[in-house]
Amino acid sequence: MGFKCGIVGLPNVGKSTLFNALVSTARAEAANFPFTTIEPNQGRVAVPDPRLRRIAAMVRPADTVPTRLDFVDIAGLVEGASRGEGLGNKFLGHIREVDAVIHVLRCFEDDQVAHVTGAVDPVNDAGIVETELMIADLESLERRAETLTRKARSGDQEGAAEAALVERLRDDLAAGRPAGEPGEGEQEPFKALRLLTAKPVLYVCNVDEDAAATGGELAARVQDMAAGKGAGCVIVSARIEAELAELDDAAERAQFQEALGLADSGLDRVIAAGYRALDLITFFTYNPKEAHAWTVERGATAPEAAGVVHSDFERGFIAAETVSYEDFEALGGETGAREAGKMRSEGRDYVVRDGDIMRFRFNV
């Protein structure tokens, strides 16, 4: 099960620099002109989780395996992308393939780095990209509406229900609002529409080195905007993170961060915030070979979690021995959790909780 976060934004805002730092590679060329990234680059990064480190320290397996997210570096959008400007429709298609949008906004002044609109205004930049996504969605719904209207007129009840959903979403977009939420029973047809504006968004403020710890005025404006939309917002200096990514020694990285007044890694915050934007949770397994973190969507059942580990586990699921991370850690591991009665046997209807440590029993 893979989850993709697409890194988007106008040209020259720092997308490729951020991506390079995230995956510690120079595959995506960062250059001072539009459309540097012609094809989307993709990298898989570990999701930082101190709980996995603590579990590994307690059970001492041979290996430790974190859960991961995929990040896709998508070339810069420009005004008119929905009409094919720049490399518009191709890029919009790449965005359609991801699960969440990491929207990088330039929050720094630099005369040496051209801005596509001629002025640094991150809130306006966000509006340009979001407008292009709304226009693309509106055009997609217009095309879908014709087919659904014919189905509805023929007496197709499912087609009529989908036509009503499309009509409501068209009204939202025509009024300048992103696509609304699906109603009861509309989740599947809504998902099938693959709307760009329905994807969760995380705003990343790319600031200069001097503002890496505090953000600055431009980033504050983005934070206010994100709060109004109910979206997440992270402040990073992509240039600093790129320099940190080049340091192999953890102590040296920590010393560099401390000198800059940074309490933690901006990249770790981006990854964690992207994980939250996707509404994902983590469960853990362990054995003598490895302690492993796994990802499922919130609301997943125990058999679904078992299937993430191995398809045979889901097919032959019997039960899941489960203990919360908090109890496992507080009671000194499995033996203490069993003695305290905190190890539970959960069945098919159990909904996995973030931090569950699970051992699956199955028969195939």
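Everything below is about the structure shown above.
In short, a report on the structure.

This next bit is on the packing of helix α4 (residues 122-153) against helix α5 (residues 157-174). The interhelical angle for the contact between α4 and α5, taken along N-to-C directions, is 155°, at an axis separation of 9 Å. Compared by their axis directions, α4 and α5 come out roughly antiparallel. Here the hand of the crossing between α4 and α5 comes out left-handed. Where α4 abuts α5, its residues M134, D137, L138, L141, E142, R144, A145, L148, K151 and A152 lie against G159, A160, E162, A163, V166, L169, R170, L173 and A174. Residue classes in the contact of α4 with α5 are distributed as 12 nonpolar, one polar and six charged.

This brings us to the pairing of strand β5 (residues 100-106). Buried residues dominate β5, accounting for seven of its seven residues. The alternating pattern of β5 places A100, I102, V104 and R106 on one face and V101, H103 and L105 on the opposite face, and all of these are buried. Pairing geometry for strand β1 (residues 4-8) and β5, over four bridges, is parallel. Residue pairing across strands places C5 opposite A100, the latter belonging to β5. Bridge count between β5 and strand β6 (residues 201-206): six bridges; the pairing is parallel. Bridge pairing links V104 to V204 in β6.

One broad trend across soluble globular proteins is that nonpolar side chains are buried collectively. Counting 41 residues, the largest nonpolar core has L18, L22, L69, F71 and V204 as the members making the most contacts within it. Of all hydrophobic cores here, the second largest spans 15 residues; its members include I281, W294, A306 and F360.

Here the focus is the packing of helix α1 (residues 15-23) against helix α8 (residues 238-245). It is the contact of α1 with α8, at a shortest axis distance of 8 Å, that shows an interaxial angle of 30°. On the basis of their axis angle, the class for α1 and α8 is roughly parallel. Note that α1 runs across α8; the crossing there is left-handed. The segment α1 lies against α8, with T17, L18 and A21 engaging A238, R239, E241, A242 and A245. Considering only residue class, the contact of α1 with α8 consists of five nonpolar, one polar and two charged.

Enumeration over the complete set of coordinates arrives at 20 salt bridges. Put simply, D121 and R221 hold a salt bridge, and the shortest N to O gap is 3.1 Å. Of this pair, D121 sits in the loop between β5 and α4 while R221 is found in helix α7 (residues 216-229), placing the two residues 100 residues apart along the sequence. Judged by its relative accessible area of 25%, D121 falls in the partly exposed class.

What counts, and at which threshold
- Residues numbered from 1 in each chain as written.
- Predicted model: local features only at pLDDT ≥ 70, side-chain atom pairs only at ≥ 80, totals over all residues.
- Heavy atoms only, no water.
- Axes fitted to C-alpha atoms, helices over the stretch in contact; angles between N-to-C directions.
- Helix = DSSP H or I, 4+ residues; strand = E, 2+ residues; numbered from the N terminus.
- Parallel < 35°, antiparallel > 145°, perpendicular 65-115°, else oblique.
- Left-handed = near helix turned anticlockwise from the far one by under 90°.
- Contact = heavy atoms within 4.5 Å.
- Nonpolar A, V, L, I, M, F, W, Y, C, P; charged D, E, K, R; others polar.
- Buried < 20%, exposed > 50% of the residue type's maximum accessible area, 1.4 Å probe, protein only.
- Pairing = 2+ DSSP bridges.
- Core = buried A, V, L, I, M, F, W, Y, C linked by side-chain atoms within 4.5 Å.
- Salt bridge = Lys/Arg side-chain N within 4 Å of Asp/Glu carboxyl O.

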